[in-house]
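Letter by letter, the chains look like this.
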Amino acid sequence: MPATISASDIAPTRYAHHIRARGLTVRRGRRLAVDGVDLDLGTGVHGLLGPNGAGKTTLIRTLATVLEPHGGELELLGSARRGRGELRELRRRLGYLPQAFGHYRRFTVREFVEYMAWLKDVPGRRSADAVQHAIDRVDLTGRADDRMGSLSGGMLRRAGIAQAIVNDPDILLLDEPTVGLDPAQRLELRALLRDIGERSCVLVSTHLVEDVAAACTNVVLMDEGGAVFAGHVDRLRAAGTDADPGDSDIERGYSAVLRRHHEAKAGARR
Ligand SMILES: Nc1ncnc2c1ncn2[C@@H]1O[C@H](COP(=O)(O)OP(=O)(O)OP(=O)(O)O)[C@@H](O)[C@H]1O
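Keep in mind that this is a model prediction, so the values were computed, not measured. (Residues numbered from 1 in each chain as written. Predicted model: local features only at pLDDT ≥ 70, side-chain atom pairs only at ≥ 80, totals over all residues.)

A.B. asks: How would you summarise the packing of helix H4 (residues 109-119) against helix H5 (residues 124-137) if you had to cite specific residues and measurements?
C.D. replies: In helix packing, the relevant descriptors are the interaxial angle and the interaxial distance, both defined with respect to the helix axes. Look at H4 against H5: their axes get within 10 Å of each other, and the N-to-C directions meet at 125°. With respect to each other, H4 and H5 are oriented oblique. Seen along the crossing, H4 lies across H5 with a hand that is right-handed. In this structure, H4 uses Val109, Arg110, Val113, Glu114 and Ala117 to contact H5, whose residues at the interface are Ser127, Ala130, Val131, Ala134 and Ile135. The residue makeup of the contact of H4 with H5, split by class, is seven nonpolar, one polar and two charged. (Axes fitted to C-alpha atoms, helices over the stretch in contact; angles between N-to-C directions. Helix = DSSP H or I, 4+ residues; strand = E, 2+ residues; numbered from the N terminus. Parallel < 35°, antiparallel > 145°, perpendicular 65-115°, else oblique. Left-handed = near helix turned anticlockwise from the far one by under 90°. Contact = placed C-beta atoms within 7 Å. Nonpolar A, V, L, I, M, F, W, Y, C, P; charged D, E, K, R; others polar.)

Right, dumping it as structure tokens:
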């Protein structure tokens, strides 16, 4: 059967970057959890790294349109407008896996992914195929008709990834997707992300630097609400010295960027 080409496949791309931010700030409680972030993220797999409390989840939730920016500019898929109609259109083209996602335990995996496909307006005639494809891609084919409540933690996470990719999103946002996955599934997920990153913008928050080394082309490193590094993985690898803590080039690069950021801040205070 010939592949179906949708209107969006042949529509001209009207933006240089899928995600563009300038001086983005997001308030959580009394603090700015995201504080003046600039981003230009296009097609590819981008790792989002940073210590606890750096602002990764807040940034991802803002890009997922769950949180409102407090200041600065944010363009998603070329649009900065946030009317109800625009938000609905944008959310159709986003995939988002939150750190903790809600689900009905009595839904089967298939019902859960179908429900999310319906929320994202995947056309009814395409929905069954899209759902099956998403379930296959996360290797849950054999558990598709099992209830969500009967899945292990790692399987649940994979069901969460299936719902995030069911609409074939242009921007895919994954908050700690590898938590609870066994080594074989982590390898599968990395391959899946690389595949999706061929034509979409994938942003993956993780504490596992080795996941970034294996799956990502670019890295955004956050600290204290700011993006203290954004660039190719090789640039982060090259940033470290033998004196920086870490078991690999990329871990030493991570430590070095944070160290220099803290030194620069301490210097500025003196
Ligand atoms: N609902 C909230 N109310 C008040 N402060 C919050 C809230 N959510 C997050 N924060 C604060 O915002 C800052 C950034 O938190 P965030 O969860 O975005 O960091 P993170 O980099 O994802 O951390 P982790 O690696 O621990 O998941 C932290 O100081 C946190 O305490």
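Having put the structure on the table, let's press on.
A.B. asks: Any details on the sheet that holds strand S1 (residues 19-28)? Residues and values, ideally.
C.D. replies: Across the sheet, which stays open at both edges, the three strands sit in the order S2-S1-S4 with antiparallel pairing between neighbours. Since the sheet does not close on itself, it has two edges, and those belong to strand S2 (31-41) and strand S4 (71-76), each with one partner. The sheet shows a mean angle of 30° between the axes of neighbouring strands, taken without regard to direction. Bridge count for S1 against S4 is five bridges, and the pairing is antiparallel. Counterpart to threonine 25 in the pairing with S4 is glycine 71. (Pairing = 2+ DSSP bridges.)

A.B. asks: Outline the site of the ligand, supporting the account with residue identities and numerical values.
C.D. replies: For the ligand, the full set of nearby residues is Arg28, Gly29, Arg31, Ala33, Gly50, Asn52, Gly53, Ala54, Gly55, Lys56, Thr57 and Thr58. Examining the composition of the shell around the ligand, we find that three residues originate from one element, helix H2 (residues 56-63), more than from any other. Across the shell around the ligand, the residue classes break down as two nonpolar, seven polar and three charged. (Near = placed C-beta within 6 Å.)

A.B. asks: Explain the UniProt feature "domain: ABC transporter" (unreviewed entry) in the protein residue by residue, including any values.
C.D. replies: Per the UniProt record, the feature "domain: ABC transporter" (unreviewed entry) sits at residues 19-249. Strand forms 26% of residues 19-249 and helix 36%; the C-alpha atoms that close the span are 28 Å apart. (UniProt positions renumbered as here; feature names shortened; annotations may be inferred.)

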